[in-house]
Amino acid sequence: MSDFKFKKSLGQNFLIDNNIKQKIIDSASIENGSIILEVGPGNGSLTKELVKLGARVISFEIDERLKDELESINADNLTLFFGDFLKVDLNAILKDYNYSKIHLIANLPYYITTPIINKVMSESSIDEMIVMVQKEVGDRFRAMPNTKEYNSLSVCLQYYFDITKVTLVSSKCFVPRPKVDSIVVKFTRKKVLIPVKDEELFFKFVRDSFKQKRKNLRNNLKGYDLEKIDYALKKLDKDLTFRAEQLSIQDFAFIFNSL
């Protein structure tokens, strides 16, 4: 593919480091009945390794110029879809398959990383995600309280998943070479979730708490019952002068359930 013209608008950076590919493959917990979703397979570099795992691989590629390259992969367990993944009815596709677990394993286009993850989470009972993303984005996914990377997305993702680093990836591992380094992160669905009375309202409460990151809870949560919030915070040895980044997921759940 030496004459391939990469489209910056599609975030096309093809992984060329075999060592990184192997680390991604080794970190996956594929078993009988697993199904693998791959978004943005590009030239099929990772796809060729995924099909060797034996599970059904469903790959979604927006760039039809790569059709011949991807269709040349000789694997009965590979299904290809060409088009915008964000517009695909994932439920309609998955209902045609029998499976016990769903895995997202992909080198995600940087510019739509979060929308892709949100879509997969909202339209499927995803069990595991192993994704390569921009390093600063991956750091936010797994950030802990009292760090500058910690935000509402950290809380919402960590509510459902344990998130760990698989490996750092230098920009030298891609063609063309991006301006930033990457990280492979693994999301493993938690078997037991922290109980909250309404998940949708809980996530809204978390987002509102972080609405203006430098503001304290008193300012960000003016639309809520501040008296009840203050009472709950005092039980945690905190108060309304604290900022959202100082609260753990358990703290958020306790306060929300007190409202």
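Data block above holds the structure.
Source: prediction; values computed, not measured. (Residues numbered from 1 in each chain as written. Predicted model: local features only at pLDDT ≥ 70, side-chain atom pairs only at ≥ 80, totals over all residues. Heavy atoms only, no water.)

1. Describing the overall build of the protein
Short version of the rule: Put simply, DSSP H or I for four residues or longer makes a helix, DSSP E for two residues or longer makes a strand, and each gets a number counted from the N terminus. Here the globule rule reads 2.2 Å times residues to the power 0.38, and the radius of gyration is calculated from C-alpha atoms. A simple rule labels every residue: compare its accessible area, found with a 1.4 Å probe on the protein chains alone, to the largest value its type can have, and call it buried under 20%, exposed over 50%, or partly exposed in between. Contact definition: two residues touch when any of their heavy atoms are within 4.5 Å. Computed by Shrake-Rupley with a 1.4 Å probe, the accessible areas treat only the displayed protein chains as cover when residues are assessed.
Along its length, the protein carries 11 helices and nine strands. What you see for the protein is a C-alpha radius of gyration of 20 Å, in line with the 18 Å of a compact globule of 259 residues. Overall, the C-alpha framework of the protein stretches about 65 × 40 × 30 Å when taken along its three principal axes. Within the protein, the fraction of its 259 residues that count as buried is 49%. When contacts within the protein are restricted to residue pairs at least 6 apart in sequence, those whose partners lie at least 24 apart make up 64%. With the model as given, the accessible surface of the protein reaches about 13,200 Å², and the carbon-plus-sulfur share is 47%.

2. Section: the pattern of salt bridges
Put simply, the rule reads: Take a side-chain nitrogen of Lys or Arg and a carboxyl oxygen of Asp or Glu: if they are within 4 Å of each other, that pair is a salt bridge.
Counting across every chain of the model gives 16 salt bridges. Lys213 is the salt-bridge partner of Glu245, the closest N and O atoms lying 3.5 Å from each other. Residue Glu245 is found in the loop between helix H10 (226–235) and helix H11 (249–258), and its partner Lys213 is found in the loop between helix H8 (199–209) and helix H9 (217–220); the two are separated by 32 residues along the sequence. Under the relative-accessibility criterion, Glu245 is labelled buried at 10%. The exposure class assigned to Lys213 is partly exposed, which follows from its relative accessible area of 29%.

3. A word on the layout of surface pockets
This is how the line gets drawn: In this analysis, the protein atoms alone were mapped onto a 1 Å grid. Cavities are point sets where a 1.4 Å probe fits without being able to get out; pockets are open sets with protein on both sides within 12 Å along at least five of seven lines; lining residues have an atom within 4 Å of a point. Grid points are joined across faces, edges and corners, and a volume is the space filled by probe spheres set on the points.
Roughly 350 Å³ of internal volume is contained in the second largest pocket. In terms of residues, the lining of the second largest pocket owes the most to one element, helix H7 (residues 152–160), which gives five residues.

4. Focus: the sheet that holds strand S4 (residues 78–82)
Put simply, the test is: For two strands to count as paired, DSSP must find a minimum of two bridges between them. In this description, a line fitted to the C-alpha atoms serves as the axis of each element, helices being fitted only across the stretch in contact, and the angle between N-to-C directions of two axes falls anywhere from 0 to 180 degrees.
Pairing in this open sheet of seven strands is mixed, and the strands run S4-S3-S2-S5-S6-S9-S7 from one edge to the other. Each edge of the open sheet is held by one strand with a lone partner, namely S4 and strand S7 (161–169). Each adjacent strand pair in this sheet contributes to an overall mean axis angle of 20°, direction not counted. Here strand S3 (residues 56–61) runs beside S4; their pairing, made up of five bridges, is parallel. The residue of S4 that forms the bridge with Val57 is Leu78. Where helix H1 (residues 18–27) meets the sheet, it contacts strand S5 (101–107), strand S6 (128–134), S7 and strand S9 (182–189), and its direction lies at approximately 160° from that of S7. Against the sheet, H7 engages S7 and S9, with an angle of about 110° to S7.

5. Re the side chain of Ser209
Within the element layout of this structure, Ser209 appears in helix H8. Look at Ser209 and you get buried, because its relative accessible area is 1%. Once residues lying within four places of it in the same chain are set aside, the contact partners of Ser209 are Leu217, Asn220, Leu221, Ala244 and Phe252.

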